[in-house]
Protein chains: 2
Amino acid sequence: MLHRPNCRDCRWRGMCISNALGGRELERFEGIAEQNNAIHKGDQVFRSGEPLRVLHVLRSGCVKSSSISEDGAEQIIRFHLPGEMLGLNSVGTGFHHCTATALDSASVCEIPYRRLQDMADRIPVLNQRLFRMMSREIERDEQLLMLLGKKSASERVARFLVNLSQLFGQRGFSTREFNLTMARREIANYLGLTVETVSRSFRMFQDEGALEVEGKHITVRDPDCLYRLGGLPFQPAARVSNQ
Amino acid sequence: MLHRPNCRDCRWRGMCISNALGGRELERFEGIAEQNNAIHKGDQVFRSGEPLRVLHVLRSGCVKSSSISEDGAEQIIRFHLPGEMLGLNSVGTGFHHCTATALDSASVCEIPYRRLQDMADRIPVLNQRLFRMMSREIERDEQLLMLLGKKSASERVARFLVNLSQLFGQRGFSTREFNLTMARREIANYLGLTVETVSRSFRMFQDEGALEVEGKHITVRDPDCLYRLGGLPFQPAARVSNQ
DNA sequence: CGCACTTTTGAGGATAGTCAACGTCTGTGG
DNA sequence: CCACAGACGTTGACTATCCTCAAAAGTGCG
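Rules of the game
Residues numbered from 1 in each chain as written. Chains lettered and ligands numbered in written order. Predicted model: local features only at pLDDT ≥ 70, side-chain atom pairs only at ≥ 80, totals over all residues. Heavy atoms only, no water. Near = heavy atom within 4 Å. Polar contact = N/O pair within 3.5 Å; in protein donor to acceptor, adjacent residues only side chain to side chain. Helix = DSSP H or I, 4+ residues; strand = E, 2+ residues; numbered from the N terminus. Nonpolar A, V, L, I, M, F, W, Y, C, P; charged D, E, K, R; others polar. Least-squares fit on C-alpha atoms with pLDDT ≥ 70 in both. Contact = heavy atoms within 4.5 Å. Pairing = 2+ DSSP bridges. Axes fitted to C-alpha atoms, helices over the stretch in contact; angles between N-to-C directions. pLDDT = per-residue confidence, 0-100.

As a further point, take the protein's contact with DNA strand C. Taken together, 16 residues are adjacent to DNA strand C, and Ser199 and Arg203 of chain A together with Ala153, Glu196 and Thr197 of chain B come closest. At 2.9 Å, a side-chain N or O of arginine 200 of chain A approaches a base nitrogen of DNA strand C. When contributions to the surface near DNA strand C are tallied by element, the ones reaching two or more residues are helix H5 (184–191) and helix H6 (195–207) of chain A together with helix H6 (195–207) of chain B. Broken down by element, the residue count for the surface near DNA strand C peaks at 4 residues, all from H6 of chain A. In terms of residue class, the surface near DNA strand C is made up of 3 nonpolar, 5 polar and 8 charged.

Here chain A sits on chain B after a turn of 180° about the axis and a move of 0.0 Å along it, with an RMSD of 0.0 Å. Put plainly, the chains are arranged around a two-fold axis. Here 100% of the interface residues in chain A have copies in chain B that are interface residues too; the copies meet face to matching face.

Residue and element names in this part refer to chain B. The 4 strands are arranged E1-E8-E3-E6 in an open sheet whose pairing can be described as antiparallel. Here the strands that pair on one side only, and so sit at the sheet edges, are strand E1 (36–39) and strand E6 (85–86). Bridge count for strand E3 (residues 54–60) against strand E8 (residues 106–112) is 6 bridges, and the pairing is antiparallel. In the sheet register, valine 54 faces E8, and the bridge partner there is proline 112. Where helix H2 (residues 113–122) meets the sheet, its contacts fall on E3 and E8, and the angle it forms with E8 comes to roughly 55°.

This part covers the sheet that holds strand E6 (residues 85–86) of chain A. All names here are of chain A. With respect to topology, 4 strands assemble into an open sheet ordered E1-E8-E3-E6, the strand pairing being antiparallel. Looking at strand neighbours, the two that pair on one side only are strand E1 (36–39) and E6, the edges of this open sheet. The sheet contacts of helix H2 (residues 113–122) involve strand E3 (54–60) and strand E8 (106–112), and relative to E8 the element is tilted by about 55°.

Residue and element names in this part refer to chain A. Averaged over chain A, the pLDDT score is 86; the fraction of residues at 70 or greater is 82%. Segment residues 1–15: pLDDT under 50, and 42 contacts once partners within four positions in sequence are set aside and those in other chains are kept. Predicted confidence is poor over residues 239–243, with pLDDT under 50, and the contacts of this stretch with residues over four places away or in other chains come to 8 contacts.

The structure is reproduced here in structure tokens:
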């Protein structure tokens, strides 16, 4: 488990929600978060249609959120990395409209939704933190919309890798070398492509010298080249946001 | 201006936000909503990057929300019909990340965000109403993701028409006959297609006997056929939700 | 080991994009 | 009121991108 000096355990106990709280309130907050819960690859954290009893904070591992259309097709909406909160997009209706599935062994802790809501009702700064987190969900969805609506297959795949690399960086891991937790099929689904097209994009990126791909292990050889392949003008400045 | 017995003016004064409030609180709420503001076709209600001072409620007309990518390409995220609240997806960051543009003459009223937030901090039921509205934004974004990720061109266009028809129905207008406020170019942008493809889909739907298209005027001749063209198994039951 | 599943690669084809031409609508100014 | 310009919409021909199908190679697990 990774610890960073500026944002210690809170990072893994509610995506910095507890940052918003001081002394006594923080204790209460820690109090309502339940023990870690181990889940295995393929397990579902929650299913679409279930009532929203608890919000989950992913403490380790990787989880996908997907929604199923009326004809049974899956659309992966998002891949979640440690520190992220699951189920936020269902706050409001009171029912999950996504299914969350573990991509590998993972652990989550549970925050009873009702009690979080009660706290938020009494603590405006916590309430605003929740709004901010939902807002970020929307922003991410809309970035994906842009990707699906306007970008070519290889641009989508390149941006997917750039984003993933940045997310690892934000968590203190290498941006140049990492493992894909998800299968090609899942990357393809997320990006609105087929497995074959994703595979061919990987090959192209290797031929361009941007990447080295060995199964699930990715080594970024030339980040600038990868940004170009993603249609990005140049390397985006590292986000300084602590969240 | 349309009035419905079960949800009178509130429908146009904050998308039923005021439903959550009783007597005195309702008065206060009405107090903070500013006068109607007339805007013209092409006017921008707010621009991406601006600080979020007020939330806008669309009282008449039609508005598009779009975000602009780093390379200048527009992606329309959503078309808004009367009664909807604009800017909700920016709550949290405090800055707009979309640009809202009127598609025809429209009027909006403004709700100072700070004051709404203060009220929400004191009135849990209003607060929950806001969460619910944001949640709905997320759900709609995710429906669009499914459309862009998994559906063919003609399915996208057919579903676009079905959705629009339902939205008109919810507002008490005909589901069988309506005018498209947006240009073909904008429909295409929204659906991740080209103008030509949208135009050809319209033609196909006419040849199938599902529609009659005269410029911006749409007449739905065979709703079931349109649902089928959208890949929907059969006519979805009308939503009874009062929102 | 053997089986199932995933990934890669190739060949061929369909869908939707590009380019171009033409028709239609709208608003402006004579 | 009409003429005109410019934007919008439709249609056709051609093309590129990405999907489908198929087969082989690689990977993981009981």
